[in-house]
Amino acid sequence: MTSLIELSLKEVADKLKNREVTATEVTKACLERIKDRNEQINAYVHLTEDKALDMASQCDKRIKEGNARLIGGVPLGIKDIFCTKGDLTTVCSHILDGFRPPYESTVTENLWKSGAVMLGKTNMDEFAMGSSNETSYYGPARNPWNLDCVPGGSSGGSAAAVADYQCFGATGTDTGGSIRQPAAFNGIVGMKPTYGRCSRYGVIAFASSLDQAGPMARTVEDTALMLRCMSGYDPMDSTSADLAIEAYDEGLADLDLKGLKIGLPKEYFMEGLDPQIADLVKQAVKRFEEQGAEVKEVSLPHTDAAVATYYVVAPAEAAANLSRYDGMRYGLRVEGENLMDTYERTRSEGFGWEVKRRIMIGNYVLSSGYYDAYYTKAQKVRSLISQDFKNAFEDVDVIFAPTTPTTAFKLGENSDDPVQMYMNDVFTLPASLAGLPAISVPAGLVEGMPAGLQIIGKAFEDKKVLQVAYAHEQMCGFELKKPE
Amino acid sequence: MSIIDTKTVEKLAKLSRLKVTEEEKTILVHELTKVMDMAAKVQSVNTDAVQPMTSVIENAQTPERDDAVSEENRREEYLAIAPKAEMGFYVVPRSVE
């Protein structure tokens, strides 16, 4: 018999609506699983057990009264970057020790309005700066497929929690790949929606022109349903798109694959890409071809400058955003001899190494004498990267690519060399820089570890991206490892 | 190509309001050089007549809301999460001698 925790988000939501199970039962099952597994996986950094049970009992009451909501009673993990009122929210950084925000992020607010239950805050790279979860102040989460491997990052805790059946879905944020890369590493689905789909209000800022929240779940349908519940225009975020919320989860199978034009960017099949991952992508493409899709090679000529562009733009924005951590109004304060000394001690003790390094890089590229040579220049290259996609999308509907060059690597393997670590994001950064919707969906296994297929779409064609991902999922037949 | 030496690191640390030890300075010279060598790749791209992109949102797409007060006064709640507060104010180190 399939245990409760193995159900998909959609299945459990239906069972809750039909009153086959109660939210309290489902929530308790997840909490039990978390307690059983957290010591090994370290996916959750702050559990909110009382809140979860309280929210679940409220859901049960509503369902009994016939007021079931879209995902009423479904327990979720929330990345530690989303402010939830009164709960510890620390971006896995020492500098936000004890921080309990007095307000709620719009994304989580939307999820609660849809009836979701919060289990706790999930592990992440400090301030979302990392691709392995190793920069977390609370120690790394681990990959449930192999505990010696990283779960990826920055939304590594969310991905591991979903893959390890410790929740039915989890929120993530993606600045340069932080949803897609961990989704690929853990054999789950993760989507970065079009920039502007989900409000950034109450999401602790890293690089504001790139940060975008998105769903992570075990199936495409679950991902679509979660996105429907998270997204929407928010007057509190001036970059949020004033468009109606779509029922992303409806009509996923309605897309006619005959005549669908798929682009394969030639620059993505490069040195450093594991040939077995390239094969999995090509197999996926072949299945679409067999259904009548047209496949075309496209060129994104500025791909090889994307990593450099990102590592100028993102640290510059981060240096500005993180200047607010001064030890005066919230979080950590380390008293010094005077005001300046207090600032410096607080920030030096509060931030981890990767964060400090990025702040310094950001201040370097923004400092006089280097501003034009690096920052303005990178913004110009960003225009070209964005234009590359516009050109490619004149010929094709969606672009297929690998999500990552390799499968999950071992803990500690890349931590000595920042540049090597940054190269993990080589396939996810371009879509981030262009603000496009992109999903990672399992493509198969390479030596026992999952790899992801990335599907990139035109701006605000999130639904089409989900439909194509759904078609892939049906044809691929990937199976997540069952819980032990 | 820019050269990152100990002096540059000291200046960046100051700008970033960070303290760095002598040992950390050596590591940072090495690591920042490595990152900036990689980032220098942007300089090899021809960007003649290309406008810098500050946002993916096309011009004039950002909606504006009325400039109206939307929050009630929650001073006590905000002060309660401060490292130090007294008599309705944040307490900060002396900044004027």
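No experiment lies behind these values; they were computed from the predicted model shown.

Our focus in this paragraph is the overall build of chain B. Each helix and strand in chain B was counted, giving 3 helices and 2 strands. Along its sequence from the N terminus, chain B presents helices and strands in the succession α-α-α-β-β. A compact globule built from 97 residues should have a C-alpha radius of gyration of about 13 Å, whereas chain B, at 23 Å, is more than 25% larger. For chain B, buried positions account for 20% of its 97 residues.

This next bit is on the overall build of chain A. Scanning chain A from terminus to terminus reveals 15 helices and 11 strands. In summary, chain A has a C-alpha radius of gyration of 21 Å against a globular reference of 23 Å for 484 residues, a match within 12%. Seen along its three principal axes, the alpha-carbon backbone of chain A occupies a region of about 65 × 55 × 45 Å. Classification of the 484 residues of chain A by burial places 62% in the buried group.

Residue and element names in this part refer to chain A. In the contact formed by helix 9 (residues 306-321) and helix 11 (residues 353-366), the axes pass within 7 Å of each other and the chain directions differ by 100°. Classed by the angle they form, the pair helix 9 and helix 11 counts as roughly perpendicular. For the pair helix 9 and helix 11, the contacting residues are Val-312, Pro-315, Ala-316, Ala-318 and Ala-319 in the first and Arg-358, Ile-359, Ile-361, Gly-362, Asn-363, Val-365 and Leu-366 in the second. Taken together, the residues of the contact of helix 9 with helix 11 break down into 9 nonpolar, 2 polar and 1 charged.

Residue and element names in this part refer to chain A. Cis geometry marks the peptide bond from Gly-153 to Ser-154; its omega dihedral reads 10°. By secondary structure assignment, the location of Ser-154 is in the loop between strand 3 (117-122) and helix 5 (156-163). Here Val-91, not a glycine, exhibits a phi torsion of approximately 40°, which is positive. As for its position among the elements, Val-91 is in the loop between strand 2 (75-79) and helix 4 (106-113).

If you look at the interface, chain B gives 42 residues, while chain A gives 56 residues. In terms of residues, the side of chain B that touches chain A owes the most to one element, helix 2 (residues 22-39) of chain B, which gives 7 residues. Its residues placed into classes, the side of chain B that touches chain A shows 24 nonpolar, 9 polar and 9 charged.

This part takes up the nonpolar core. All names here are of chain A. Counting 164 residues, the largest nonpolar core has Val-74, Leu-76, Val-117, Val-312, Ile-455 and Ala-469 as the members making the most contacts within it. A per-element tally of this core places helix 9 first, with 11 residues. Not counting the four nearest positions on each side in its chain, Val-74 is found in contact with Leu-9, Val-12, Ala-13, Leu-16, Ala-116, Val-117 and Phe-168.

Here we take up helix 1 (residues 9-17) of chain A. All names here are of chain A. Turning to helix 1, its buried residues number three or more, namely Leu-9, Lys-10, Val-12, Ala-13 and Leu-16. Taken around the axis of helix 1, the buried residues stretch over an arc of 165°, which confines them to a single face. Packing partners of the buried residues in helix 1 comprise helix 2 (23-41), helix 3 (49-64), strand 4 (169-174), strand 6 (212-217) and helix 7 (220-230). Looking one or two residues beyond helix 1, the residue adopting positive phi is Arg-19, at roughly 60°.

A few words on the packing of helix 9 of chain A against helix 12 (residues 371-392) of chain A. Residue and element names in this part refer to chain A. The interhelical angle for the contact between helix 9 and helix 12, taken along N-to-C directions, is 125°, at an axis separation of 9 Å. What the angle tells us is that helix 9 and helix 12 run oblique. Seen from above, helix 9 lies across helix 12 with left-handed handedness. Facing helix 9, whose interface residues are Ala-306, Thr-309, Val-312, Val-313 and Ala-316, helix 12 presents Tyr-374, Tyr-375, Ala-378, Gln-379, Val-381, Arg-382 and Ile-385. When grouped by side-chain class, the residues that make up the contact of helix 9 with helix 12 number 9 nonpolar, 2 polar and 1 charged.

Another aspect to go through is helix 9 of chain A. An ideal rise of 1.5 Å per residue puts 22 Å on 16 residues; helix 9 of chain A measures up with 22 Å between its terminal C-alpha atoms. By the criterion of burial, helix 9 of chain A is predominantly enclosed, with 14 of the 16 residues buried.

Low-pLDDT portions of the prediction should not be read for the details of their coordinates. Per-residue confidence for chain B gives a mean pLDDT of 91, with 95% of residues at or over 70. Across chain B, element-level confidence peaks in helix 1 (residues 6-15) of chain B with a mean pLDDT of 97 and bottoms out in helix 3 (residues 75-80) of chain B with 94.

So, on to the domain arrangement of chain A. Size of an interface: often given as the accessible area lost when the parts come together. Residues and elements named next belong to chain A. Its domain assignment divides chain A into domain 1 (4-256) and domain 2 (305-376). Between the C-alpha centres of domain 1 and domain 2 the distance comes to 28 Å. With 20 residues of domain 1 at the contact, the number on the domain 2 side is 17 residues.

Before going further, it helps to examine the environment of Gly196(A). With respect to the helices and strands, Gly196(A) occurs in the loop between strand 5 (189-192) and strand 6. In the structure, Gly196(A) is positioned 46 residues away from Asp242(A) in sequence and 8.5 Å away in space, judged by C-alpha atoms. Those residues in contact with Gly196(A) that sit more than four places away from it in its chain are Thr239(A), Ser240(A), Ala241(A) and Ile57(B).

On to the environment of Cys476(A), then. Residue and element names in this part refer to chain A. Tracing the chain through its elements places Cys-476 in helix 15 (residues 462-476). Judged by the 17 C-beta atoms lying within 10 Å of it, Cys-476 is partly exposed. Sequence-wise, Cys-476 and Ser-114 are 362 residues apart; in three dimensions their C-alpha atoms are separated by 31 Å. Setting aside residues no more than four positions away along its own chain, Cys-476 makes contact with Ala-284, Pro-442, Ala-443 and Gly-444.

All names here are of chain A. Note: strand 7 (residues 261-265) against strand 8 (residues 294-298), 5 bridges, orientation parallel. Residue Gly-263 lies in a different strand from strand 8, and its bridge partner there is Lys-296. Regarding topology, helix 8 (residues 275-290) serves as the crossover connection from strand 7 to the parallel strand 8, and that connection is right-handed. Bridging between strand 7 and strand 9 (residues 398-402) involves 2 bridges; their strand directions are parallel. Across the sheet, residue Gly-263 finds its bridge partner in strand 9, namely Ile-399.

Let us now look at the pairing of strand 2 of chain A. All names here are of chain A. Among the 5 residues that make up strand 2, 5 are buried, leaving the element largely enclosed by the rest of the structure. Examined bridge by bridge, strand 2 and strand 3 share 5 bridges and lie parallel to one another. Each bridged residue has a counterpart across the sheet, and for Pro-75 the counterpart in strand 3 is Val-117. On the question of chirality, the crossover connecting strand 2 to the parallel strand 3 by way of helix 4 is right-handed.

What counts, and at which threshold
- Residues numbered from 1 in each chain as written.
- Chains lettered and ligands numbered in written order.
- Predicted model: local features only at pLDDT ≥ 70, side-chain atom pairs only at ≥ 80, totals over all residues.
- Helix = DSSP H or I, 4+ residues; strand = E, 2+ residues; numbered from the N terminus.
- Rg over C-alpha atoms; globule rule 2.2 N^0.38 Å.
- Buried ≥ 20, exposed ≤ 12 C-beta atoms within 10 Å, placed from the backbone.
- Axes fitted to C-alpha atoms, helices over the stretch in contact; angles between N-to-C directions.
- Parallel < 35°, antiparallel > 145°, perpendicular 65-115°, else oblique.
- Contact = placed C-beta atoms within 7 Å.
- Nonpolar A, V, L, I, M, F, W, Y, C, P; charged D, E, K, R; others polar.
- Core = buried A, V, L, I, M, F, W, Y, C linked by C-beta atoms within 7 Å.
- Arc of directions from axis to C-beta.
- Left-handed = near helix turned anticlockwise from the far one by under 90°.
- Expected span 1.5 Å × (residues − 1).
- pLDDT = per-residue confidence, 0-100.
- Domains from an automatic or database assignment.
- Pairing = 2+ DSSP bridges.
- Right-handed = clockwise from strand over helix to strand, strands pointing away.

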